Amino acid sequence: MAACIGKISFAHLIKIQSINICNRSPLLHCQRCVQTAGVTDVTQVKNRKPIIFPKKKKRDELTVLKCLAATVQRDSTAPDYMFIDDPHLYPVIANEKKIYTLAKSSGRKAARYFVDRLPGIFSTNMFKEEASVPGIPELMPKKIKYEHFDPSETALIERIDMRNVRDAIDMYNEIQDQELELSQETKISLLNLLAYYNSIDPPEEKTPEDMRYLFEKRSFNKTWKDNGPAVKVFNDLNEKTSEAYCAMIRGMTKYLEVEKAFELYEEMKGKGLQAEVDVRTYNGLIDVMRQYPADQEEQWTIIMGLLQSMKESGVQPNVQTFMSVLHFLKGVMTRFREQKVYFVLNEMKAINIEPTLGIYANLLQLIYNDHSRNPEHPFLPQLMDYIQGKDFDLTSKDDIHFFVAAMKVCDIYLHDKDLAFKVDALLHSKDNYKFMIDFFAESTYCNIFLTLICQFEHIDKVMEVYHRLTPNVWSPTFSVYYDILGAIDLYDAYHYLPALWSGKYAYHYLPALWSDFIVFRIITGPKHAQLMIPFFQLVSKKKHPEELQQKFVDTILWVINRWEENIQLNGSFVLTSGVLVGELIKVSLNANEVDLAWKILMMYTKHKRRFTEQISEEAVTMLLDEFIKEKDLDKTTMCLKLMSTESFPSLTKYKKQLRELDMTDLEKVVTS
């Protein structure tokens with residue numbers, strides 16, 4: 001039996017659940033078993049269908065790592081990979097993250113500069129591809145020195161391949177001066193280079209950190225160089241082929257030389273070269289249609305003509321073709337726009353093109369807007385049911401706008417928290433979080449998401465999402481904290497024990513938020529009172545359990561200590577609002593901290609000119625009631641004088657109350 005098993009494929013053994021070997025069953029036999037089996041067994045073996053083994057699947061060097069990565073999820077409690085360094089130096093504020101990230105990018109660029117220009121100062125073995133397995137050519141020093149210096153076609157090709165535009169222009173001019181011959185192919189390659197980069201050297205390649213914070217806005221101003229090197233090379237061509245025309249048209253449309261681009265296109269049609277126009281050239285012409293000098297109806301007619309020309313020439317439209325059409329539709333305000341949107345979708349379906357997230361993002365902006373006849377259109381709910389759980393590729397800049405656009409629709413137009421959670425689930429499924437490469441898009445997405453669920457979701461779920469996103473993913477804004485405080489007030493959620501993320505320890509929402517205020521330095525900025533006032537107004541609404549109340553007292557002590565420090569330094573930190581002072585007094589009295597409340601009041605009276613608003617009457621009367629109860633003559637007198645100075649209406653009531661008490665020494669104060 002051992003010899004028999006040795007000749008059987010392992011894959012076949014796995015597929016067959018129940019198997020008996022040798023004479024007991026004819027299902028599986030090696031040659032030795034067939035020879036010893038009966039005639040019936042051999043017949044059954046010969047009549048059995050042959051086994052078809054699957055073809056070997058090609059796998060790259062990262063397959064194992066990808067499989068391992070698929071077994072884990074994104075850890076929201078860990079900082080972003082680009083911030084991994086010293087735990088004490090993790091940035092949590094948005095501005096700190098930007099500085100940290102761009103500083104890292106600057107260091108990466110500095111290292112690349114020295115590696116490229118001075119590779120000899122490093123170890124000779126460091127920059128050999130065999131030093132890393134697999135070899136990484138991108139980490140090797142870039143070739144910046146030329147092998148050919150004399151004017152020749154070989155030297156020009158060398159500069160074109162290295163994408164050194166200015167050097168290629170200089171070499172071309174030298175070749176022209178010496179009247180050397182150049183092949184048509186080399187001239188076309190040079191023309192493609194000059195047209196694509198507008199006859200200037202390509203910009204420095206962006207690092208991942210630069211892409212996160214330094215993004216370029218699309219310019220709508222013409223930057224094409226009239227009569228520049230590209231035009232010169234084009235005019236020098238002995239034969240202007242369709243490839244040359246297409247290179248010029250693509251360059252002109254990229255840098256918004258719209259009218260001349262269409263003139264060249266018409267010139268191609270006149271020469272009978274229309275059938276050789278490629279899809280990228282058509283896409284460029286459609287993309288700049290909004291800048292073409294014509295009314296919207298005429299522009300749309302031209303687009304339809306271009307699409308018809310593509311059909312007649314057998315040019316297959318791609319995703320970018322329909323993306324360009326949608327870009328045009330976003331800029332027009334006609335009553336037929338919705339019909340034209342569905343026309344684009346039907347055309348994509350007809351030629352079996354699967355829309356990308358960029359296409360869906362543009363559709364959302366077209367269907368849901370302030371001019372829409374149906375702001376509660378069911379497109380997004382149906383779309384989420386269709387794409388839920390799918391994995392998408394990053395194909396264009398528009399792809400990164402999908403999740404922000406979808407979350408805006410959930411909040412502004414549909415007010416649907418369940419749909420918002422579906423969008424968030426899609427973002428965090430598989431590898432879709434790669435679309436959040438833009439820091440500003442990520443921040444906008446989180447702000448909208450939290451604002452929406454604060455309105456419609458229970459506070460426990462709100463705080464669960466809040467702690468999943470902060471501080472490593474997102475730094476909340478003032479408006480979001482207002483909404484969170486409102487949700488806590490609505491559900492009377494001063495302290496809870498959420499089992500999902502707090503474990504067995506009691507978790508208090510408001511003290512935790514205060515800790516975040518300090519970490520994010522929200523209460524140290526110029527607008528600190530805008531958030532501190534609603535926070536302490538919520539805290540002072542009622543008395544809390546002793547443990548929770550003591551936490552609030554600790555926050556007041558922190559505020560007072562920082563305020564005293566800044567008074568000595570002539571600063572203007574924290575206590576600048578009389579309303580805030582009143583709320584601190586009420587919280588102190590709720591915790592039976594009368595001395596602390598009195599200290600706060602004295603600080604207010606001593607530095608009254610620093611405060612922008614009047615102290616609340618309720619806070620002063622609460623403190624006065626305590627002193628009357630204790631029959632503290634001096635402190636009662638101070639409170640009455642303050643009430644008289646602030647012209648509080650309740651002073652009359654206290655005059656009558658004090659006359660009924662045995663506090664005759666206050667008669668002058670009462671009657672003043």
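None of these values were measured; they are calculated from a predicted model.

## As for the overall build of the protein
(1) Moving on: Helix and strand counts for the protein come out as 33 helices and 0 strands.
(2) Moving on: Counting every position in the protein, which comprises 672 residues, the buried fraction comes to 44%.
(3) Moving on: The long-range fraction of contacts in the protein, counting pairs at least 24 apart against all pairs at least 6 apart in sequence, stands at 67%.
(4) Moving on: Here the protein displays about 37800 Å² of accessible surface, and carbon together with sulfur accounts for 53% of that area.

## Things to note about the side chain of E158
(1) Moving on: Mapped onto the elements of the fold, E158 is located in helix α7 (residues 153-161).
(2) Moving on: Residue classification places E158 among the buried residues on the basis of a relative accessible area of 9%.
(3) Moving on: Of the polar contacts made by the side chain of E158, one reaches the backbone nitrogen of H148; its length is 3.3 Å.
(4) Moving on: Filtering out sequence-adjacent residues up to four positions away, E158 remains in contact with K143, K145, Y146, E147 and H148.

## With respect to the packing of aromatic side chains
(1) Moving on: Taken as a whole, this structure holds 26 aromatic pairs when the rule is applied.
(2) Moving on: Here F439 and F440 contribute two aromatic rings whose centre-to-centre distance is 5.4 Å and whose plane-to-plane angle is 75°, an arrangement assigned as edge-to-face.
(3) Moving on: F440 gets classed as partly exposed once you look at its relative accessible area, which sits at 35%.
(4) Moving on: Ring geometry for W598 versus F627: centroids 5.2 Å apart, planes at 85°, classification edge-to-face. Here W598 is found in helix α29 (residues 594-606), whereas its partner F627 is found in helix α30 (residues 617-630), with 29 residues between them in sequence.

## A look at the nonpolar core
The nonpolar side chains of a soluble globular protein tend to be buried with one another.
(1) Moving on: Within the largest apolar cluster, 178 residues are counted, with the highest numbers of intra-cluster contacts made by L380 and F402.
(2) Moving on: The element that contributes the greatest number of residues to this core is helix α20 (residues 402-414), accounting for 10 residues.
(3) Moving on: Sequence-distant contacts of L380, defined by excluding residues within four places in its chain, comprise L364, Y368, A406, V409, C410, L414 and L419.

## Details of the pattern of salt bridges
(1) Moving on: Taken as a whole, this structure holds 30 salt bridges when the rule is applied.
(2) Moving on: The residue D226 makes a salt bridge to K260 at a minimum N-O spacing of 3.6 Å. Residue D226 is found in the loop between α10 (208-213) and α11 (229-236), and its partner K260 is found in helix α13 (residues 258-270); the two are separated by 34 residues along the sequence.
(3) Moving on: Overall, K260 belongs to the partly exposed group, its relative accessible area being 35%.
(4) Moving on: Two residues, K586 and E618, come together in a salt bridge whose shortest N-O distance is 3.2 Å. Separated by 32 residues along the polypeptide, K586 in helix α28 (residues 578-590) and E618 in helix α30 bring together distant segments of the chain.
(5) Moving on: Given the relative accessible area of 8%, K586 is considered buried.
(6) Moving on: Overlapping salt bridges bring together K222, D226, E257 and K260 as one network.

## Quick notes on the packing of α7 against helix α8 (residues 165-177)
(1) Moving on: Packing of α7 against α8 leaves a shortest axis separation of 9 Å and a crossing angle of 165°. For the element pair α7 / α8, the angle class is roughly antiparallel. α8 is crossed by α7, and the crossing has left-handed handedness. Contacts between α7 and α8 pair E153, A155, L156, R159 and I160 from the former with D167, A168, M171, Y172 and I175 from the latter.
(2) Moving on: Broken down by class, the residue content of the contact of α7 with α8 amounts to 7 nonpolar, no polar and 3 charged.

## Comments concerning the confidence of the model for the protein
Should pLDDT be low for a region, the predicted coordinates there are not to be read in detail.
(1) Moving on: The predicted model of the protein has a mean per-residue pLDDT of 83, with 85% of residues at 70 or higher.
(2) Moving on: Predicted confidence for residues 1-40 stays below pLDDT 50, and this span has 27 contacts to residues more than four positions away or in other chains.
(3) Moving on: Scored below 50 in pLDDT, residues 497-506 shows 18 contacts in the model against residues more than four places distant or in partner chains.

## Topic: the packing of helix α18 (residues 357-367) against α20
(1) Moving on: Where α18 contacts α20, the two axes come as close as 9 Å, and the packing angle between them is 30°. In this structure, α18 crosses over α20, and the sense of that crossing is left-handed. Note on element contacts: α20 touches α18 through F402, F403, A405, A406 and V409, opposite L357, Y360, A361, L364 and Q365.
(2) Moving on: The residue inventory of the contact of α18 with α20, partitioned by class, reads 9 nonpolar, 1 polar and no charged.

## Topic: a negative patch on the surface
(1) Moving on: A cluster of like negative charges, contributed by D167, D170, E174, D177 and E179, occupies part of the molecular surface.
(2) Moving on: Residue position: D177 is located in helix α8.

## As for α13
(1) Moving on: Relative to the 18 Å expected for 13 residues at 1.5 Å per residue, α13 spans 19 Å between its end C-alpha atoms, a close match to the ideal helical length.
(2) Moving on: Among the residues making up α13, those that are buried are V258, A261, F262, L264, Y265 and M268. All buried residues of α13 fall inside an arc of 155° around its axis, so they share one side. The exposed residues of α13 that point more than 90 degrees off its buried face are E263 and G270.

## Thoughts on a nonpolar patch on the surface
(1) Moving on: A surface patch of nonpolar side chains, about 410 Å² in accessible area, is lined by L62, V64, L65 and L68.
(2) Moving on: Examined against the element boundaries, L62 turns out to sit in the loop between α4 (39-47) and α5 (63-69).
(3) Moving on: Since its relative accessible area comes to 47%, L62 is described here as partly exposed.

## Notes on the side chain of R212
(1) Moving on: With respect to the helices and strands, R212 occurs in helix α10.
(2) Moving on: Leave out the neighbours within four places in its chain, and R212 touches M82, M436, I437, D438, F439 and E442.

## Brief notes about the environment of H148
(1) Moving on: You can see H148 is positioned in the loop between α6 (94-117) and α7.
(2) Moving on: Separated by 11 residues in sequence, H148 and R159 place their C-alpha atoms 9.4 Å apart.

Quick notes on the rules
Numbers given to residues run from 1 along each chain, matching the order in which its sequence is written. Given that this is a predicted model, residues contribute local features only at a pLDDT of at least 70 and side-chain atom pairs are listed and counted only at 80 or more, while totals for whole chains, interfaces and linings are drawn from all residues. Side-chain figures throughout are based on the complete set of non-hydrogen atoms in the structure, without hydrogens or water. For the purposes of this entry, the term helix denotes a DSSP run of H or I that reaches at least four residues, the term strand denotes a run of E that reaches at least two, and both are numbered from the N terminus. For each residue, the accessible area found with a 1.4 Å probe, counting protein chains only, is set against the maximum for its type, and the residue is called buried under 20%, exposed over 50%, and partly exposed in between. Contacts are assigned to residue pairs that have any heavy atoms within 4.5 Å of one another. The Shrake-Rupley method, run with a 1.4 Å probe sphere, supplies the accessible areas, and residue values consider only the shown protein chains as cover. For the purposes of these results, a polar contact is taken to be a pair of N or O atoms within 3.5 Å, where, inside protein, one atom must be able to donate a hydrogen and its partner to accept one; residues adjacent in sequence count only when each atom of the pair is a side-chain atom. A pair of aromatic rings is counted whenever rings of Phe, Tyr or Trp (Trp by its six-membered ring) have centres within 6.5 Å, and the orientation is called stacked for planes under 30 degrees apart, edge-to-face for over 60 and tilted otherwise. Throughout this description, the term nonpolar core refers to a set of buried Ala, Val, Leu, Ile, Met, Phe, Trp, Tyr and Cys residues connected via side-chain atoms within 4.5 Å. The term salt bridge refers to a side-chain nitrogen of Lys or Arg lying within 4 Å of a carboxyl oxygen of Asp or Glu. To obtain an axis, a line is fitted to C-alpha atoms, over the contacting stretch when the element is a helix, and the angle between two such axes runs from 0 to 180 degrees between their N-to-C directions. By the definition adopted for this analysis, an angle is roughly parallel if under 35 degrees, roughly antiparallel if over 145, roughly perpendicular if from 65 to 115, and oblique otherwise. Left-handed describes a crossing whose near helix is turned anticlockwise from the far helix through less than a right angle; right-handed describes the clockwise counterpart. By the convention adopted, Pro, Cys, Tyr, Trp, Phe, Met, Ile, Leu, Val and Ala count as nonpolar, Lys, Arg, Asp and Glu as charged, and the other residues, Gly among them, as polar. Values of pLDDT, ranging from 0 to 100, describe the predictor's confidence in every residue of the model. Surface patches are drawn from residues lacking salt bridges whose relative accessible area is over 30%; two like charges belong together within 9 Å, two nonpolar side chains (Val, Leu, Ile, Met, Phe, Trp, Tyr) within 5 Å. Here Asp and Glu are counted as negative and Lys and Arg as positive; His is not counted, and neither are the chain ends. A charged residue contributes its charge at one atom only: NZ of Lys, CZ of Arg, CG of Asp or CD of Glu. Here, expected helix span is obtained from the residue count minus one, scaled by 1.5 Å. An arc is given here, and it is the one of the directions from the helix axis to the C-beta atoms.

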